[in-house]
Structures are given as C-alpha cells and as structure tokens.
Amino acid sequence: MIRHIVWDWNGTLFDDQGLVVDATNASLRAIGVDQHITNERYQELYRRPMEEFYAELIGFPVTDEQWPVLDVAFAGHYRSHVRDCGLNKDALAAMDAWSAQVPPPRSQSLLSMYGHTALLQLTGEFQLHARFHRIDGRPNDPDFGPKAKYLVRHFEHLRTEDPTLTADQIALIGDCADDAHAAFHIGATAVLFTGGSSSRALLEKVGVPVVDSLTEAVALLAAR
C-alpha cells in the first residue's frame, strides 16, 4: 500500500511550464541564439542533464563561457514573472483527496529542484506548508541534478520522522523522466504527469503510469 506521496513542484503542483519556456527563450537570446523554442518542442526534447537538453534544443553545445550568462538570464526572467503563475488547476483537490484516503495515515511531502529558500517563500504564499510533512528544495549550490540524490536525502528525513515508512510505500508524482528515475533509485513508485516539462510520448517511454491530471494520479495510487 502506498502511504506517502512525494510531490514535485515545477510543472506538477505549480503550473509554470509556459514561464519556463519563456525563460528558456530569454536565456538563449542572452547568448546570441536567434531561435524561438515552442512549448511543443521543449516537451518533445526535455531531458537531464541540462547540457544535453540544450545541445539538442539548439543544435550545438552551450560553451562553458556561455553557461553563466544563460543561467543568469533564465533565473532573472523566471523570478520577474513567477508570481504570474499559479497552482495546477487540480493541485489542491489532488492533495485533499490523498489526505482523505482511508485507512490513515496517508501523508505527503514536497521535493523540488527549485531553490529551497524561494520554494519555502512561494509555497508559503499559497498557504501550503500545513499540507506537507516536509518541504525540501535544492540547496544553495549550482547542482541541478540528478534528482535521485536529493530524494535519498529527503527519504532519510522522512524516515527520521516515521521509522516505519519504507521506500515501497512511497510514490513520487512528477513531470519528467528524472523524477521516475529518482523513485527507481530508492525503490519507490512513480507516476508521471503530462502537464509539465515532457510530452506524453516521452513520458511513456519510461514505463510507469502517465496521467493527464493530478487527481487521476492520486486515484491510481489510492487503488494500489
């Protein structure tokens, strides 16, 4: 039985995929790349590590000298517009549906590659803190993955709070293959959502359930 959901933030609970694409285009302009990336192309190609993704996206590798410029431009555009975004349309309903599952306890937490301080501030503005047993964002370093090592640390903290929780009782709901691979790494379940960074065709190659809504993901896990 799945007892605990680890939610992803960007592109899953938080509906910011359009902003991510806009910020990507801003970052490419900053390094002199005259290409306009559509959401469809972004979703068809998204992968980690980001170096491989950008090389596929624009047709050539970003140089070591260009990466700092690209990062600053992306982060600046994203920060300037992040509060124009909101939660996914059924994020609250999905979290509430999981909390209401019987028998209890059914718990949930948040693990994101978004910076930890910014994540705490943003989730606080949405009044989400009380819904989660734990919230972990990316530490203050430039390492953007893979997510597996961060899930290992997150799981260790969850186990400290509940020593009876095992990896096979955990499901991670995210929007990209890296989320599923992180779940596999600790022996957890994964469900992937089509509303974020990756197309359905790309997600289906991973070999885990793929859903079009977060409430569908919760219903699937509740039935296990």
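Right, let's walk through the structure included here.

Conventions we followed
Residues numbered from 1 in each chain as written. Predicted model: local features only at pLDDT ≥ 70, side-chain atom pairs only at ≥ 80, totals over all residues. Heavy atoms only, no water. Phe/Tyr/Trp six-rings, centres within 6.5 Å; stacked < 30°, edge-to-face > 60°. Buried < 20%, exposed > 50% of the residue type's maximum accessible area, 1.4 Å probe, protein only. Salt bridge = Lys/Arg side-chain N within 4 Å of Asp/Glu carboxyl O. Helix = DSSP H or I, 4+ residues; strand = E, 2+ residues; numbered from the N terminus.

Turning to the packing of aromatic side chains, a few remarks are in order. All chains considered together, the criterion is met by 10 aromatic pairs. Between Tyr42 and Tyr46, the aromatic rings sit 5.6 Å apart at their centres with planes inclined by 15°, giving stacked as the arrangement. The class for Tyr42 is buried, based on a relative accessible area of 4%. Look at Tyr46 and you get buried, because its relative accessible area is 10%.

This paragraph deals with the pattern of salt bridges. Across all of its chains, the model carries 10 salt bridges by this definition. Salt-bridge contacts for Asp179 lead to Lys147; the nearest nitrogen and oxygen are separated by 2.8 Å. Separated by 32 residues along the polypeptide, Asp179 in helix H8 (residues 177-186) and Lys147 in the loop between strand E5 (135-138) and helix H7 (148-161) bring together distant segments of the chain. Judged by relative accessible area, Asp179 falls into the buried class, the value being 1%.

Attention now moves to unusual backbone geometry. Peptide bonds are, in most cases, trans, and in most cases residues other than glycine have a negative phi. Cis geometry marks the peptide bond from Arg48 to Pro49, where omega comes out at 5°. Within the secondary structure, Pro49 sits in the loop between helix H2 (39-45) and helix H3 (50-58). One non-glycine residue, Gln127, lies in positive phi territory at about 55°. Checked against the element boundaries, Gln127 lands in the loop between helix H6 (116-125) and E5. Looking at Gln127, the relative accessible area reads 69%, which means it is exposed.

So, to be careful, I would describe these as geometric facts and stop short of saying anything about function.
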